[in-house]
Structures are given as C-alpha cells and as structure tokens.
Amino acid sequence: MDIGIFKGEQEVADVAARCVITAMNTASRKVLGVATGSTPLPLYERLRAAHAAGEFTLEDAQAFALDEYVGIDPDHEQRYRNVLRTELVGAQSTGLTDENLHTPDGNAADLEAAAREYDAAIEQAGGVELQILGIGADGHIGFNEPGISLVSRTHVDALTAKTRSDNARFFDDDISHVPSKCITQGLGTIMQARQVLLIATGANKAAAVRELVEGAVSAHWPATILQMHPQAIVLVDEEAAAELKLKDFYQERWEAAYGA
C-alpha cells in the first residue's frame, strides 16, 4: 500500500487525477470503477478538464459504479446513476457514453439476481483496471458496512444508521428520505480490481484512515482488507492523516516512488 499525504483536498485531487489518467491512457482494456459521494467530485472535475484539453477520454471505456440505492426514484437527483451521468457522461464531460456506464439495478424485481448479474457483468468486461474508492467514517468502502464478510460479492444489504445520517446531507438533511437498503459491490469484488485508488479528506475520516493503514485487517473496519491488495494507493490530506503514527515514513516512501 502506497500512502500519499498532501496539504488539502485540491492537491489530493490533482494526484488522483494523474493516477486515473495514467492508468486509463496505458490500459489495454479501459474499465474504470467509479465512486460517488462528495470525496471524488474534485477528481471528476479534473478529469473533465483533462478531457477538454485533449489529454484524456473515456469514450472507449466502460465504467462500473460501486453501488446504488434500493428503491430510489429513477429520476431522483441522488440516484447514483444520475449523479455519475452528471459528473462523467457526455462528449462535453469525459467522453463516457451512457450505455457504457454500468450501475446496479436498485429497482429490479429480483434484487438478489440483479446483484449476481452485476458481478457477472464486471467479469464479462474483463474486470476493473482501476477502482476509485472513498471511505466512510466507520471504515466502509462501497456500501460494505462493518461486519460484512471480507470476501463478499456484489449483494443487497441494509445501510447503517451512521451511513444514512452521513448521507442525509444529500437529502435535505432528512434521514427519513435516505433509502435504507442498497446493492453494492462486495469486498471480494472490489479486491479483484487490478489497482485500487482510495481518496480520503477531512478530519472526520482520520480514525478510518488510521485503521485502514495501520490497524488490523478486520470486518469491523471493512476498508482494512485493502492492506491485502497488491496495488493499492491511498491519497489523503493532512487532516485525514492526523492519526497516522508513521506519517514521515509514508512521505519518504511516496517521494522515493513518485517524487515530491
């Protein structure tokens, strides 16, 4: 696991964008795993700018979302497919086509079958080249909440009160409007990506980052499974890195591998 520590979220987004652009521009199969929430938005802004400058495109790529709410109105602005359309789809965005944006079907008649089909679709595409990840304050990645199996596949699950409370800001600060169930890629599915790129910013992520990087691998902190990934990059700002004990060492390793 390579740990990059930067002054703030804008510097984190700059480095994250370089990682994504390099990975997609050099990949033999362009399959990108995309995340939602507020953390990756500065990254997506930079990808749109790189596309406008002719430095990057997803026009010949496929993108797979980490997760989707169950039972959310198809037209709701917080449906993750709609969020990702806004951020990534179109010739004036990143070049990603709507038909090549894949999201779990949270309104399927048979949700369990939809979860299995989503896992199969990722495999049929040849697997994810680079998976973008955020992290919840409780250590979840995707919607893999504490207690989930460390080898889980794409599945239907309940959302914790903590996650629903954290996401209420996207639903007019009303937790009753936040869906209580989801379809999410499992930890086993995420771990099959060739590379993972996790971004964390802000003081509220400091405990989760501490456990992710320096804690024991445990279902109590689902993101800790990434310690077992052979090509994991973690990009954090100084606030998110505040509880790391070996910050100086991580910075020395990062500069040796990637430059200052």
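Residues numbered from 1 in each chain as written. Predicted model: local features only at pLDDT ≥ 70, side-chain atom pairs only at ≥ 80, totals over all residues. Heavy atoms only, no water.

A. Here's a closer look at the pairing of strand 3 (residues 62-65). Where strand 2 (residues 31-34) and strand 3 come together, four bridges link them in parallel fashion. Within strand 3, the position partnered with Leu 32 by the bridge is Ala 63. Between strand 2 and its parallel partner strand 3, the chain crosses via helix 2 (residues 41-52), and the hand of that crossover is right-handed. (Pairing = 2+ DSSP bridges. Helix = DSSP H or I, 4+ residues; strand = E, 2+ residues; numbered from the N terminus. Right-handed = clockwise from strand over helix to strand, strands pointing away.)

B. Representation of unusual backbone geometry. Even without being a glycine, Asp 172 presents a positive backbone phi close to 55 degrees. Structurally, the position occupied by Asp 172 is in the loop between helix 5 (161-167) and strand 8 (181-184). According to the relative accessible area criterion, Asp 172 is exposed, its value standing at 71%. In this structure, Asp 173 takes a positive phi of about 55 degrees despite not being glycine. (Buried < 20%, exposed > 50% of the residue type's maximum accessible area, 1.4 Å probe, protein only.)

C. View of the sheet that holds strand 1 (residues 2-6). Reading across from one edge, 1-10-9-6-2-3-5 is the order of the seven strands in this open sheet, with parallel pairing throughout. Sheet topology places strand 1 and strand 5 (101-102) at the edges, where each strand pairs with a single neighbour. The pairing of strand 1 with strand 10 (residues 232-237) spans five bridges and is parallel. Directly across from Ile 3, in strand 10, lies its bridge partner Val 234. Relative to strand 10, helix 1 (residues 9-26) is tilted by about 160 degrees, and along the sheet it contacts strand 1, strand 2, strand 6 (130-133), strand 9 (195-200) and strand 10. (Contact = heavy atoms within 4.5 Å. Axes fitted to C-alpha atoms, helices over the stretch in contact; angles between N-to-C directions.)

D. Broad picture of the environment of Arg 18. Following the sequence through the fold, Arg 18 ends up in helix 1. A relative accessible area of 51% places Arg 18 in the exposed class. Sequence separation between Arg 18 and Gly 127 is 109 residues; the distance between their C-alpha atoms is 21 Å.

E. Region of the structure containing the pattern of salt bridges. Summed over the entire model, instances satisfying the criterion amount to 12 salt bridges. The closest approach of N and O atoms between Arg 46 and Asp 14, which form a salt bridge, is 2.5 Å. Of this pair, Arg 46 sits in helix 2 while Asp 14 sits in helix 1, and the two are 32 residues apart along the sequence. With relative accessibility at 35%, the residue Asp 14 sits in the partly exposed group. Glu 87 is the salt-bridge partner of Arg 48, the closest N and O atoms lying 2.7 Å from each other. Taken together, the residues Arg 48 in helix 2 and Glu 87 in helix 3 (residues 80-88) connect sequence positions 39 residues apart. For Arg 48, a relative accessible area of 26% corresponds to the partly exposed category. Sharing partners across several salt bridges, the network here consists of Arg 81, Arg 85 and Asp 98. (Salt bridge = Lys/Arg side-chain N within 4 Å of Asp/Glu carboxyl O.)

F. Spotlight on a negative patch on the surface. A grouping of Asp 105, Asp 110, Glu 112 and Glu 117 is seen on the molecular surface, where their side chains present a negatively charged patch. In this fold, Asp 105 is placed in the loop between strand 5 and helix 4 (111-124). (Patch = residues over 30% accessible without salt bridge, like charges linked within 9 Å, V, L, I, M, F, W, Y side chains within 5 Å. Areas by Shrake-Rupley, 256 points an atom, 1.4 Å probe, with all protein chains shown as cover. Lys, Arg positive; Asp, Glu negative; His and termini not counted. Charge placed at Lys NZ, Arg CZ, Asp CG, Glu CD.)

G. Region of interest: the packing of aromatic side chains. With the rule as written, the count across this model stands at eight aromatic pairs. Between Phe 64 and Tyr 118 the ring centres are 5.9 Å apart and the planes differ by 65 degrees, which places this aromatic pair in the edge-to-face class. Residue Phe 64 is found in strand 3, and its partner Tyr 118 is found in helix 4; the two are separated by 54 residues along the sequence. Since its relative accessible area comes to 6%, Tyr 118 is described here as buried. Three or more aromatic residues link up through ring pairs in this structure, and these residues are Tyr 69, Tyr 80, Phe 143 and Phe 171. (Phe/Tyr/Trp six-rings, centres within 6.5 Å; stacked < 30°, edge-to-face > 60°.)

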